Structure formats: structure tokens, C-alpha cells
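# Remarks on the overall topology
Chain by chain, the residues run as shown.
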Amino acid sequence: PKAEGGGEKVTEIRVKEEHMQLPKGWHKGFDTMHRAYYYNSDLGKSSWKPPAGSHTVATYVEKPLSELLPADKKRLLAAREAEEKKKEAEKQEKPVERKREEGGESRRGRKKDY
């Protein structure tokens, strides 16, 4: 189960995944030193840099913590905890609005006598 506060054990976490969207005909490959390169066989072109028209696409997915590396797990859980603390602090900072009842105190603290 996913924990949203309340002390449940966290087993999944929301993770941002990014990938490069390449123009039609372009592909990503890796050389023997694991460096990324881009190529288009139809055009007979290749490049170390993404071709013009490429853009990054981000998606958010729920991932089981068991699939994450320990360092990533620690970083993501710390970020989640910090975000929850920030939200809690913002809730506590908001002023509480009180309804003034008829015959109650005015803004200056004096009784209304009308």
C-alpha cells in the first residue's frame, strides 16, 4: 500500500521518468564506451547531439521501492518527507477565520451595541 501520512509503510513512490522524443527516422544508439549517439539510416547521418526537433518528455509513474537503487530510494523518500513537512507547515501558517456572531466583538475588540 501507498502511505499518505498516517504511519503506513511506504512500498511505492511516484517517480519522474524522462526520455528523449526524436524526430521521425532518428534513433538513439550507444558506442562501445556507452556514450549515446543519434543516427538516421535513411539520411545517412549521425550525431553526438540530439537532432533538431528533439524534445524531452516527462511522465510520472508509481514504482515499487524494491526496484530502486538504495541511494535513489533514500533521496526520493527524503524529498517526499520534505514535501509533506512543507505542506503541513503551510496549513499551520494560514490564519483561522472566525465568524463574528451578532453582538460579538468588533474588529477593535469592543462590544457592538446595536
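Scroll up to find the structure this text is about.
All of the points below concern the structure found in this document. All residue numbers here refer to positions counted from 1 along the written sequence of the relevant chain. Since the coordinates come from a predicted model, pLDDT governs what is reported: local features require at least 70, and pairs of side-chain atoms require 80 or more to be given and counted, while whole-chain, interface and lining totals use all residues. Derived side-chain values reflect all non-hydrogen atoms in the structure, with water molecules and hydrogen atoms excluded from consideration.

### Focus: the overall build of the protein
Numbered from the N terminus, helices here are DSSP runs of H or I no shorter than four residues, and strands are runs of E no shorter than two. A count of helical and extended segments in the protein gives 1 helix and 5 strands. Ordered by position in the sequence, the α and β elements of the protein form the string β-β-β-β-β-α. Each of the 114 residues in the protein was classed as buried or not, and the buried ones make up 13%. Contacts spanning at least 24 positions in sequence make up 52% of the contacts within the protein whose residues lie at least 6 apart. Working note: accessible area of the protein is about 10300 Å², and carbon and sulfur atoms make up 50% of it. Relative accessibility thresholds used throughout: buried, under 20% of the residue-type maximum; exposed, over 50%; partly exposed, between the two (1.4 Å probe, protein chains only). It only takes one pair of heavy atoms within 4.5 Å for two residues to be counted as in contact. Per-residue and other accessible areas were derived by the Shrake-Rupley procedure at a 1.4 Å probe size, with only the shown protein chains allowed to occlude residues.

### Details of the side chain of asparagine 40
Position of asparagine 40 relative to the elements: it lies in strand S3 (residues 36-40). Engagement of the side chain of asparagine 40 in a polar contact is seen with the backbone nitrogen of aspartate 42, the distance being 3.0 Å. Setting aside chain neighbours within four positions, we find asparagine 40 in contact with Lys24, Gly25, Trp26 and Lys45. Under the rule applied, a polar contact is a pair of N or O atoms within 3.5 Å (in protein, one hydrogen donor and one hydrogen acceptor; residues adjacent in sequence only if both atoms are side-chain atoms).

### A closer look at the pattern of salt bridges
Salt bridge, as used here, is a side-chain nitrogen of Lys or Arg placed within 4 Å of a carboxyl oxygen of Asp or Glu. Considering all chains together, one arrives at 6 salt bridges under this definition. Here lysine 63 and glutamate 17 are joined by a salt bridge, their closest N and O atoms 3.0 Å apart. One end of the pair, lysine 63, is in strand S5 (residues 55-64); the other, glutamate 17, is in strand S1 (residues 12-21), with 46 residues separating them in the sequence. Under the relative-accessibility criterion, lysine 63 is labelled partly exposed at 22%. For glutamate 17, a relative accessible area of 30% corresponds to the partly exposed category. Between glutamate 81 and lysine 85 there is a salt bridge; the shortest N-O distance is 3.3 Å. Here the residue glutamate 81 and the residue lysine 85 both occupy positions in helix H1 (residues 70-93), the gap between them amounting to 4 residues, near one helical turn.

In short, geometric facts, not functional conclusions.
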